[in-house]
Amino acid sequence: MASSCVRLSVDGNWFPQQSRLGFGGLLRDSHGRWLAGYSGGRSNEDPCLAEILAVWRGLLVAWDMGFRVIVVRPTPWMLVSNSCADALAKMGACSNSDYEYWLNPPSPVLKWLLKDSTV
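Residues numbered from 1 in each chain as written. Predicted model: local features only at pLDDT ≥ 70, side-chain atom pairs only at ≥ 80, totals over all residues. Heavy atoms only, no water.

In this section: the overall build of the protein chain. When helices and strands are counted, the protein chain shows 3 helices and 5 strands. Ordering the α and β elements of the protein chain from the N terminus gives β-β-β-α-β-α-β-α. Scored against the burial criterion, the 119 residues of the protein chain give a buried share of 41%. Looking at the protein chain alone, contacts between residues at least 24 apart form 68% of all its contacts between residues at least 6 apart. By element, 59% of the accessible surface of the protein chain is carried by carbon and sulfur atoms, the whole surface being about 6300 Å². (Helix = DSSP H or I, 4+ residues; strand = E, 2+ residues; numbered from the N terminus. Buried < 20%, exposed > 50% of the residue type's maximum accessible area, 1.4 Å probe, protein only. Contact = heavy atoms within 4.5 Å. Areas by Shrake-Rupley, 256 points an atom, 1.4 Å probe, with all protein chains shown as cover.)

What follows is the structure in structure tokens.
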């Protein structure tokens, strides 16, 4: 992946008991280093919207950061790196915020980033 490229890992979650969805994702550079992350949640929405919101928000973040070549990695690919996106999506579902932006990895994601760096 070229240095002007960014990798976007995304995930969405649905919690039927709460009628709440969560989405999240992270951007990594060509060396796999954290650039930014985001998470969010919504109530009483279509569960299919979770993955769509994860990709849409990630593309907006990458574009705002100046990236024009974006490689999107949805949930089924690279399970370890998407553990980070899964953790962000779960944070989003549990949050009262529709959207949060993370310049630094939040603590629930750190263990997955460390695990990913050893793969």
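This part is about unusual backbone geometry. Positive phi values are uncommon outside glycine, yet Ser 19 reaches one of about 50 degrees. Phi is positive for Asn 44, close to 55 degrees, though the residue is something other than glycine.

In terms of nonpolar packing, the biggest core is built from 14 residues, with Phe 23, Leu 27 and Tyr 38 touching the most fellow members. If you list the elements that add at least two residues to this core, you get strand S1 (5–15), strand S2 (20–28), strand S3 (34–43) and helix H1 (49–64). For this core, the element with the highest residue contribution is H1, accounting for 5 residues. In this structure Leu 27 touches Val 6, Arg 7, Leu 8, Arg 33, Trp 34, Leu 35, Ala 36, Gly 58, Val 61, Ala 62 and Met 65, once residues within four positions along its chain are discounted. Within the second largest apolar cluster, 9 residues are counted, among which are Cys 84, Ala 87, Leu 88 and Leu 113. (Core = buried A, V, L, I, M, F, W, Y, C linked by side-chain atoms within 4.5 Å.)

Once that is clear, we can look at the environment of Ser 30. Looking at the element boundaries, Ser 30 is found in the loop between S2 and S3. You can call Ser 30 partly exposed: its relative accessible area is 25%. Between the C-alpha atoms of Ser 30 and Arg 7, which are 23 residues apart in sequence, the distance is 7.2 Å.

A few words on H1. An α-helix turns once every 3.6 residues. As a result, residues three or four positions apart point the same way. With 16 residues, H1 extends 22 Å between its outermost C-alpha atoms, agreeing within 8% with the 22 Å of an ideal straight helix rising 1.5 Å per residue. Looking only at H1, the buried set comprises Ala 50, Leu 53, Ala 54, Gly 58, Val 61 and Ala 62. Along H1, the residues classed as buried sweep out an arc of 160 degrees about the axis, all on the same side. For H1, the exposed residues set more than 90 degrees away from the buried face come down to Ile 52 and Asp 64. Positive backbone phi, approximately 95 degrees, marks Gly 66, located one or two places after H1. (Expected span 1.5 Å × (residues − 1). Arc of directions from axis to C-beta.)

In terms of burial, S3 is a largely internal element, 7 of the 10 residues being buried. Note that S2 and S3 share 9 bridges and pair antiparallel. Opposite Gly 24, over in S3, you have Ser 39 as the bridge partner. Counted along the chain from S2 to the antiparallel partner S3, the turn is 5 residues long, and its residue Gly 32 has a positive phi close to 85 degrees. Note: S3 against strand S5 (residues 100–102), 3 bridges, orientation antiparallel. Looking at S5, one finds that Tyr 38 is bridged to Tyr 101. (Pairing = 2+ DSSP bridges.)

Shape descriptors only; they carry no functional weight alone.
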